[in-house]
Amino acid sequence: MAPNGLTHIDAQGHARMVDVTQKAQTQRQAVARCTISSSRSAIASVTASQENDILAAARVVGIQAAKQTPDLIPLCHPLLIGDVALSFEVGADRIEVEARVECFGQTGVEMEALTACAVAALAICDMCKTLDPLMAVEGLRVWEKRGGRSGTWRYAGPTPESGGRPA
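Being a predicted model, the structure only gives us computed values, none of them experimental.

S.K.: Residue-level account of the overall build of the protein, with values.
M.R.: A count of helical and extended segments in the protein gives 4 helices and 5 strands. The helix and strand sequence of the protein, counted from the amino end, reads β-α-α-α-β-β-α-β-β. Residue pairs in contact within the protein that sit at least 24 positions apart in sequence constitute 65% of those at least 6 positions apart. Approximately 9500 Å² of the protein is accessible, and the part contributed by carbon and sulfur atoms is 55%.

S.K.: Help me get a handle on the pattern of salt bridges, residues and values and all.
M.R.: Side chains that differ in sign of charge can pair as their charged atoms come close. If you walk through the whole model with that rule in mind, you get 8 salt bridges. A salt bridge links Glu-144 to Arg-154; the shortest N-O distance between them is 3.2 Å. Taken as a pair, Glu-144 in strand 4 (residues 136-146) and Arg-154 in strand 5 (residues 153-154) lie far apart in primary sequence, 10 residues in all. For Glu-144, a relative accessible area of 13% gives the class buried.

S.K.: Account for the nonpolar core, with residues named and values stated.
M.R.: If you look at the biggest cluster of nonpolar residues, it comprises 32 residues, and the most contacted ones within it are Ile-36, Leu-86, Phe-88, Ile-95, Val-97, Val-101 and Ile-124. Elements with a minimum of two residues in this core: strand 1 (26-37), helix 1 (40-46), helix 2 (54-67), strand 2 (81-90), strand 3 (94-105) and helix 4 (110-128). For this core, the leading source of residues is helix 4, giving 9 residues. Once residues within four sequence positions are removed from consideration, Ile-36 is found in contact with Asp-93, Arg-94, Ile-95, Val-97, Ala-121, Ile-124, Cys-125, Met-135, Ala-136 and Val-137.

S.K.: Tell me about the side chain of Thr-35, and name the residues and values.
M.R.: Structurally, Thr-35 is set in strand 1. Residue class for Thr-35 comes out buried when judged on its relative accessible area of 17%. Of note is the side chain of Thr-35, whose polar atom sits 2.8 Å from the side chain of Glu-96.

S.K.: Lay out the sheet that holds strand 1 in plain terms, naming residues and giving numbers.
M.R.: Strand order in the open sheet made by the 5 strands is 2-3-1-4-5, with antiparallel pairing throughout. The outermost strands of the open sheet, each flanked by one partner alone, are strand 2 and strand 5. Two strands pair when backbone bridges link them, and strand 1 and strand 4 are joined in this way by 8 bridges, in the antiparallel orientation. In the strand pairing of strand 4, Ser-37 is matched with Ala-136. Where helix 2 meets the sheet, its contacts fall on strand 2 and strand 3, and the angle it forms with strand 2 comes to roughly 145 degrees.

S.K.: Requested: an account of the packing of helix 2 against helix 4, with residues and values cited.
M.R.: The axes of two packed helices give the description: the angle between them and the distance between them. Where helix 2 meets helix 4, the closest approach of the two axes is 7 Å, and the angle between their N-to-C directions is 145 degrees. For the pair helix 2 and helix 4, the sense of crossing is right-handed. Each of Ile-54, Leu-55, Ala-57, Ala-58, Val-61, Gly-62, Ala-65 and Ala-66 in helix 2 lies in contact with helix 4, whose residues at this interface are Glu-112, Thr-115, Ala-116, Val-119, Ala-120, Ala-123, Ile-124, Met-127 and Cys-128.

S.K.: Tell me about the state of the cysteines, residues and numbers included.
M.R.: Evaluated as defined, the whole model comprises 0 disulfides. Cysteine Cys-117 shares no disulfide, and the gap to the nearest cysteine sulfur, in Cys-34, comes to 3.5 Å.

S.K.: Outline the packing of aromatic side chains, listing residues and values.
M.R.: Counted under the stated rule, the structure contains 1 aromatic pair. Look at Trp-143 and Tyr-155: their rings are 4.9 Å apart centre to centre, the planes differ by 80 degrees, and that puts the pair in the edge-to-face class. Remark: Tyr-155 occurs in the segment after strand 5 and Trp-143 occurs in strand 4; sequence separation between them is 12 residues. Residue class for Tyr-155 comes out buried when judged on its relative accessible area of 15%. If you follow Arg-33 out to its NZ or CZ, it ends over the ring of Trp-143, 4.7 Å from the centre.

Reading guide: rules and limits
Residues numbered from 1 in each chain as written. Predicted model: local features only at pLDDT ≥ 70, side-chain atom pairs only at ≥ 80, totals over all residues. Heavy atoms only, no water. Helix = DSSP H or I, 4+ residues; strand = E, 2+ residues; numbered from the N terminus. Contact = heavy atoms within 4.5 Å. Areas by Shrake-Rupley, 256 points an atom, 1.4 Å probe, with all protein chains shown as cover. Salt bridge = Lys/Arg side-chain N within 4 Å of Asp/Glu carboxyl O. Buried < 20%, exposed > 50% of the residue type's maximum accessible area, 1.4 Å probe, protein only. Core = buried A, V, L, I, M, F, W, Y, C linked by side-chain atoms within 4.5 Å. Polar contact = N/O pair within 3.5 Å; in protein donor to acceptor, adjacent residues only side chain to side chain. Pairing = 2+ DSSP bridges. Axes fitted to C-alpha atoms, helices over the stretch in contact; angles between N-to-C directions. Left-handed = near helix turned anticlockwise from the far one by under 90°. Disulfide = S-S within 2.5 Å. Phe/Tyr/Trp six-rings, centres within 6.5 Å; stacked < 30°, edge-to-face > 60°. Lys NZ or Arg CZ within 6 Å of the ring centre and 35° of its normal.

As structure tokens, then:
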């Protein structure tokens, strides 16, 4: 590890994959969330009819993205992912996207959850961009993490006490 605490940088300042060979395998879980903000009419179109299966398509895209994370982010370890679940909460002018990823392994699944969440949101934007070219994906972050050396934590929000950091 580099003197500045960056795990993906060695003592000489070079990028490296973190060595997890000596780490114990444990149950790992991460939850990531983001919000798609858009016009009310575009959001209404997402759920307007049975033929408009945008959320189902985004769910499949998010699952595939979680599985492809090491191909997109080269310093991530390939993991045998045990479960990926995506959920969507549709509001009047927003869609909340949540991705939960689990595995039994030597390293966490935070990047897989973030990737699943982001790519599912981007898929929705792609399918709806003709309705609202100004759609935005906002607030992507890990909301919860379980397992491994750092244990369990949840995002506490941007309070003065937490500084927006995990509790």
